[in-house]
Structures are given as structure tokens and as C-alpha cells.
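Topology and contacts: notes
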Number of protein chains: 2
Amino acid sequence: MEKIQQLKERFDAFMNGVDFNRVPNALYDPIAYTVLQKGKRLRPMLCLLACDMFGGEFHEAKYPALALETAHNFTLIHDDIMDQAPLRRGKETVYKKWNTNQAILSGDAALVMAYDFATRTHRPVEVVSLLNQVLLEICEGQQYDMDFETQTEVTIPEYLEMIRLKTAVLLATSLQIGAVVANADEEDQKFLYDFGLALGMAFQLQDDILDCYSDVAVFGKVTGGDIVENKKTMMYLKALELASPEQRSRLSGLFSGAIVLNPQRKIDEVIALYDELCVKEAVESQMTDYFHQAKVCLDAVKLPDDRKVHLRHYADLLSGRDK
Amino acid sequence: MEKIQQLKERFDAFMNGVDFNRVPNALYDPIAYTVLQKGKRLRPMLCLLACDMFGGEFHEAKYPALALETAHNFTLIHDDIMDQAPLRRGKETVYKKWNTNQAILSGDAALVMAYDFATRTHRPVEVVSLLNQVLLEICEGQQYDMDFETQTEVTIPEYLEMIRLKTAVLLATSLQIGAVVANADEEDQKFLYDFGLALGMAFQLQDDILDCYSDVAVFGKVTGGDIVENKKTMMYLKALELASPEQRSRLSGLFSGAIVLNPQRKIDEVIALYDELCVKEAVESQMTDYFHQAKVCLDAVKLPDDRKVHLRHYADLLSGRDK
């Protein structure tokens, strides 16, 4: 725990020293606004913890970690335009606070800055190549996510592939980059990548569950937001799978707009249906499988167990399992 | 001339072999649509000619050249959204043919692909670093260009800085990258960079002139487009500089919308004013200075003159001076 705290503080201090206030301000202000918001720095932390686990130096991982954070923020700035999302982490999104053109251009510049940070390490080619691969996958994931909105049938494998690309691969790559700059061998890089992938899938399923079963105070989002927006999350897809023909047509009707209810009644009715079908339990079981898969991958890394304790603890913290 | 033709054909053949038809199609189709349109491949050609001049191998320059072309097309896809431009090279722009979200996302993916191509050479770190620098400059140039639309006073030095960033640096960097992959020394890289910078400035001023003095059949654009859109080009800024107070207020009135005329009358009146003030001659003289500056930089490269003949000839071709 102390190690986690210490890395977080060191990284925050490092980020505070990076100059985001460049000229022209109009271009760089939205980047500083987004990147410098307080947050848990999930991707940098995974990178730094992976590097530390293999005995790597903080100073070799700090810029790649910043590259990951900046690249992640680039995707948020552009996704929020595409999704027309007014708020992010409780603050106005860039396209709302400024405008769409500014969000496009500042997002672009953020992506280029990420590549600039990515080269500032002793293994620049590997880091840039991993960034190329993961960013293209994230674009593909966002494409599938957009396609799903107008696609009447989405299968569970299609959904899992979408969240793999849109969310999980960046966590996996963050860990792999940490391993690369610490000179871990390729097999261990792969174990860590797969650990991150499974973790990312589990987190996303957890998010899908929490949208239906959590309160705003804890989760920071309105319960049922996915339902109101007709998002085809795992909760919805699993419910369709488990439903009787009559229940299926009711659920599809509610999500397609064929059956119109006021938002709160719609949420209540959908969740009642999920309860009847034990959807929460089914998705939780899938999530548990992914957490287990993650554990197996971390176990496989060829290091003594005491080197893995911080990363394992960090993952437990994030999954809420330490409570 | 044969050398130029030959490099162009080799590059076109190489590009035809690159796979742009990836999955999901929705993401990659707009990229293929944009990048694979026939064109003069200005940036790749500058890169290839520079590489060839220093005795470098085509296969070391072809991917960096493709990276430059792809990065350029990324800027076009996003700029066309920001400028709401319906047509580009006589065809529908991506955001018009598809939609804004698709143009944002496919543009992003094009940028990542450019970085992927940039690493496929024996000097990946230098090429990626040069790409980082130039792409950030292009974003800055686009920012200034957007700012100018609402800025009442734009000075000539501000305008020159904007076109340097938005247009000239990419030509300069294309040449430098060609020199880098051919292992030219840093001094020669700098001479070539400065050659490209001056050339880029000259071309932009040429464009500004041609918007007022050319016919559609030759230039492919409507004459007077910049005037109709109130673009503060060098023609306009130079006219303001040379104008009497009375002429200045008339010109500002026409460009600010304070004086309203139908488009053709506005064009005619503005060009009549330019003629009175000999603006064309003034801007031509500035353009000639840049062409001269370019010549001096190319002369300075430490190579025998017969190595420079193709690049010099190519620049002459582009400037229309060989006619």
C-alpha cells in the first residue's frame, strides 16, 4: 500500500512539473484542463507498478506512463464529441466548455504530445509501436461501439470484443510498456498483458453492473444511465439471452423505443426484469471468471511472489475486493 | 525528369500494395478514400527525392514517405470538418460523404497509421520525433488560422507565421526525413529543411495570388473563393498595408460584412482595388524572394551540383517556372 501511495505521489509530482501551458493557449488549455484533472491515474499506475515489479527505474517509466495518460485523455476528448457527453468526472467536457472544432484540434494535439512523451525512454521504438497498436485498436473499439447504436442485433461475443478493444487493451498495454522499459522478457510481457486484458474486461462488466445496482453518491453516476440511453451493455445482452420470448420482446421494445415510458419507470421496469432473470448474478459470475483469469496470468509471471504483491494489491483495490 | 517520373511510379506502385482495406470497414474506408485519391504526392516526392539525392535507398524512405502522406491526409480530414468544406480535390470531403463523427474517428486512425508507417525504417526514432514536432506545429498553425477568423486585426508577420506552421513546415520536414534516412549530416538536413520552408512559403503566396488571378479550368478552384470567404490572405493584408485610409476602410468594410454586395460584384470590386494598389506585384515580389531563398539553401547543401538536379527540377516544375 505504501509503495502504491509512493508511486502515485511521485508521478503526480512529475506531472506537475511538465509544461502544459504552451502557446497558443487556445490549443493547449483544453489539454491541460483534461490531463491535469485529479484522477486515479489508472494507466500510469499500472505502467509504473509493472516497471517497479521487474526492478525497473521510475525515470524510465514516467514519460511512457504520461504518454498513456495523455493518449487516454485524447480518446476522452474525441469520444465526448462523438457521444455528445456534456459531463466527464463531474466537469464540463471540452467540446461543451469550448466548442467542437476546438475539441477536435486540441484532441489531435494531445495525441501528438502522447507520442512525444512515448519516445522519452531508453526503449522508444518498442513503446511507440505498442502505442500504435493499442491506439488503432481503441479506434476500432469506438467504431464498433458507434456501430452498435444503430445495429439491431448485437451478440455477446461482439460486445466482449468491443469492450476488449475500447477499454481492456489500454490497461494491458500500460502494463506491458512498464514491463518493456524494465527489460522484462517477452513471455513475462505477455503474461502481464493478459493480466491487464482480463482485469480490463472484469472492470467493464463491473461498470455495467454498477450502472444498474449502485447509488449516485458512491458511483458518481446516475443509476440506470445505460438503460435510459438504450446502451446494449452486458446486462441487457445477458437478459436477452436468459429471457422468455415474451420477456425478450418486452425488453427489446423498451430499448428500441417501441414501448415508451418515462425514464424512471423505464429504469424500474428494466431492473425488475433483470432481477427476475438473475442477470446480476450471471454477469457477476462472468466478471469473477475474468478476475480469476487475471490472477492466473499474474501468478504465471516468472518472479518471486513478493515482487508481485503491490500490483496484486492494486488490482484488488480497484476491484473493490479489499473492502 | 525521368528520375522524378520513376520515383513517382515506384511510390504509386508501393502505395497500391499497402493494405488500407482493414476491418472494421466503416473505420478504414474513409482513410482509403482519402489517401488513395490520385494526387501529385508532393510530400512523399520531396522525401524520396531528398533521400535519393544523398544516395539513400528507396526502401528506407518509402514508409516514411507514406507516413508523411497519411499524416497530411489526417490533417485534411479534420480541417475539412473545422472549415465545413464540402469538396476537396473535386470530391466530397469525408465528413460530408460520411458524417462528422466518422471523420473525427477515421482521421484519428489515419494519424495513428501514419505513426505506424513512420517506424518502418532504419531510423525510426528520428523520423517519429520529426513527425511529432511537425504535427504539433501544424495543429498550432490550424489554431492560428481559426483564431484569425474572429480576430479583427491580423498582421503580416502573424500571417507568415501561420502559413509557416500550417503549410511550410511539413514540406521542410518531408525533405529532412528523406535526408535523415539517407544518413545526411545535420548541417545538410538543416539546409534541406530551410529549402523546403522557403519553398512552402512561396507556394502558399502563389496560391494566394492564384485565388485572385487564375481561371477555374487551370487552377481547379473558383477564382475569388478567398475573397468570398473573407479570408485574410497575403493579398488582403498587403492591400491593407498599401491602401489609403479611404481604400482601407472600403476593403475592411467589404471583408467584415459591413458593406454587402453579391459575391461576384464583391470579387470584382476587391480585385479592382488590388489592381489599383499593385498588390499582385508586391506579393509576387515576396514570393520571388522566397524562391530565391530556397535556391540559396539548396545551393548550400554539400553535394556536387549534379546530385541536386532532380530536386531543383522538381521545385521548378511545382512553381510553374519550367513552362
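Residues numbered from 1 in each chain as written. Chains lettered and ligands numbered in written order. Predicted model: local features only at pLDDT ≥ 70, side-chain atom pairs only at ≥ 80, totals over all residues. Heavy atoms only, no water.

1. Re the environment of Lys97(B)
Residue and element names in this part refer to chain B. Structurally, Lys97 can be placed in helix H5 (residues 94–97). The class for Lys97 is partly exposed, based on a relative accessible area of 42%. The spatial distance from the C-alpha of Lys97 to the C-alpha of Pro86 is 8.7 Å, given a sequence separation of 11 residues. Once residues within four sequence positions are removed from consideration, Lys97 is found in contact with Tyr33 and Glu92. (Helix = DSSP H or I, 4+ residues; strand = E, 2+ residues; numbered from the N terminus. Buried < 20%, exposed > 50% of the residue type's maximum accessible area, 1.4 Å probe, protein only. Contact = heavy atoms within 4.5 Å.)

2. Some remarks on helix H3 (residues 42–53) of chain B
In an α-helix, one turn spans 3.6 residues; hence positions three or four apart end up facing the same way. Residue and element names in this part refer to chain B. The end-to-end C-alpha distance of H3, which contains 12 residues, comes to 16 Å, matching closely the 16 Å that a straight helix rising 1.5 Å per residue would cover. Of all 12 residues in H3, 12 are buried; the element is thus mostly enclosed. Among all positions in H3, only Leu42, Arg43, Pro44, Met45, Leu46, Cys47, Leu48, Leu49, Ala50, Cys51, Asp52 and Met53 are buried. Positive phi appears at Gly55, one or two residues downstream of H3, with a value of about 80 degrees. (Expected span 1.5 Å × (residues − 1).)

3. Quick notes on the packing of aromatic side chains
Residue and element names in this part refer to chain A. Taken as a whole, this structure holds 15 aromatic pairs over all chains when the rule is applied. An angle of 25 degrees between the planes, with centres 6.0 Å apart, marks the rings of Tyr63 and Phe117 as stacked. Taken together, the positions of Tyr63 in helix H4 (residues 58–82) and Phe117 in helix H6 (residues 100–118) put the pair 54 residues apart, joining distant regions of the chain. Comparing Tyr63 with Phe117 shows no difference in burial state: the two are buried. (Phe/Tyr/Trp six-rings, centres within 6.5 Å; stacked < 30°, edge-to-face > 60°.)

4. Details of the relation of the copies chain A and chain B
Between chain A and chain B, which share one sequence, the superposing operator has a rotation angle of 180 degrees and an axial displacement of 0.0 Å; the RMSD is 0.0 Å. In short, the pair behaves as if placed about a two-fold rotation axis. Nearest to the rotation axis, the C-alpha of Val125(A) is located 3.2 Å from it, this being the minimum over chain A. Comparing interface residues between copies, 100% of those in chain A also sit at the interface in chain B, which points to an isologous, same-surface contact. (Least-squares fit on C-alpha atoms with pLDDT ≥ 70 in both.)

5. Points about the pattern of salt bridges
Taken as a whole, this structure holds 40 salt bridges over all chains when the rule is applied. Residues Lys302(A) and Glu187(A) are paired through a salt bridge, measuring 2.9 Å at the closest nitrogen-oxygen approach. On the criterion of sequence distance, the pair formed by Lys302(A) in the loop between helix H15 (279–300) and helix H16 (305–318) and Glu187(A) in helix H9 (residues 186–212) is long-range, its members being 115 residues apart. Residue classification places Lys302(A) among the partly exposed residues on the basis of a relative accessible area of 42%. Of the charged contacts, one joins Glu126(B) and Arg123(B) as a salt bridge, the two residues approaching to 2.8 Å between their closest N and O atoms. Among the ionic contacts, a cluster of salt bridges with common partners joins Lys8(A), Asp12(A), Arg41(A) and Glu69(A). (Salt bridge = Lys/Arg side-chain N within 4 Å of Asp/Glu carboxyl O.)

6. Observations regarding the interface of chain A and chain B
Listed as interface residues are 35 residues of chain A and, on the opposing side, 35 residues of chain B. For the pair chain A and chain B, the summed buried area comes to about 3200 Å², and 72% of that belongs to carbon and sulfur atoms. On the chain A side of the interface with chain B, the three residues burying the most area are Leu105(A), Val112(A) and Leu136(A), jointly 18% of the side's total. At the junction of chain A and chain B, the tally comes to 0 salt bridges. Where chain A meets chain B, there are 8 residue pairs in polar contact (both at pLDDT 80 or more). Contributing elements (two or more residues each) for the side of chain A that touches chain B: helix H2 (25–35), H4, H6 and helix H7 (124–150) of chain A. Broken down by element, the residue count for the side of chain A that touches chain B peaks at 13 residues, all from H7(A). Tallied by class, the residues present in the side of chain A that touches chain B amount to 23 nonpolar, 7 polar and 5 charged. (Buried area = accessible area lost by both parts, 1.4 Å probe. Polar contact = N/O pair within 3.5 Å; in protein donor to acceptor, adjacent residues only side chain to side chain. Nonpolar A, V, L, I, M, F, W, Y, C, P; charged D, E, K, R; others polar.)

7. Here's the deal with the confidence of the model for chain A
The share of residues in chain A with pLDDT of 70 or more is 96%, and the mean pLDDT across the chain is 94. ipTM for the predicted complex: 0.95, alongside a pTM of 0.96. (pLDDT = per-residue confidence, 0-100.)

8. Things to note about the nonpolar core
In this structure, Leu192(A), Tyr274(A), Leu192(B) and Tyr274(B) are the most contacted members of the largest nonpolar core, which totals 238 residues. Sequence-distant contacts of Leu192(B), defined by excluding residues within four places in its chain, comprise Ala50(B), Met53(B), Phe54(B), Leu175(B), Ala179(B), Leu298(B), Val301(B) and Leu311(B). (Core = buried A, V, L, I, M, F, W, Y, C linked by side-chain atoms within 4.5 Å.)

9. Thoughts on helix H16 (residues 305–319) of chain B
Residue and element names in this part refer to chain B. Taking 1.5 Å of rise per residue, 15 residues should cover 21 Å, and H16 covers 20 Å from first to last C-alpha, within 8% of that figure. The set of residues buried in H16 consists of Lys308, Leu311, Tyr314, Ala315 and Ser319. For H16, the elements touching its buried residues are helix H1 (2–16), H3, helix H8 (156–181), helix H9 (186–212) and helix H15 (279–300).

10. Structural notes on the state of the cysteines
As used in these notes, a disulfide is a covalent bond between sulfur atoms, one from each of two cysteines. Tallied over the entire structure, the rule returns 0 disulfides over all chains. A disulfide-free cysteine, Cys139(B) has its sulfur positioned 15 Å from the sulfur of Cys139(A), the nearest such atom. For Cys139(B), a relative accessible area of 4% translates into the label buried. Counting only cysteine sulfurs, Cys212(B) is the nearest neighbor of Cys278(B), a cysteine outside any disulfide, at a range of 14 Å. (Disulfide = S-S within 2.5 Å.)

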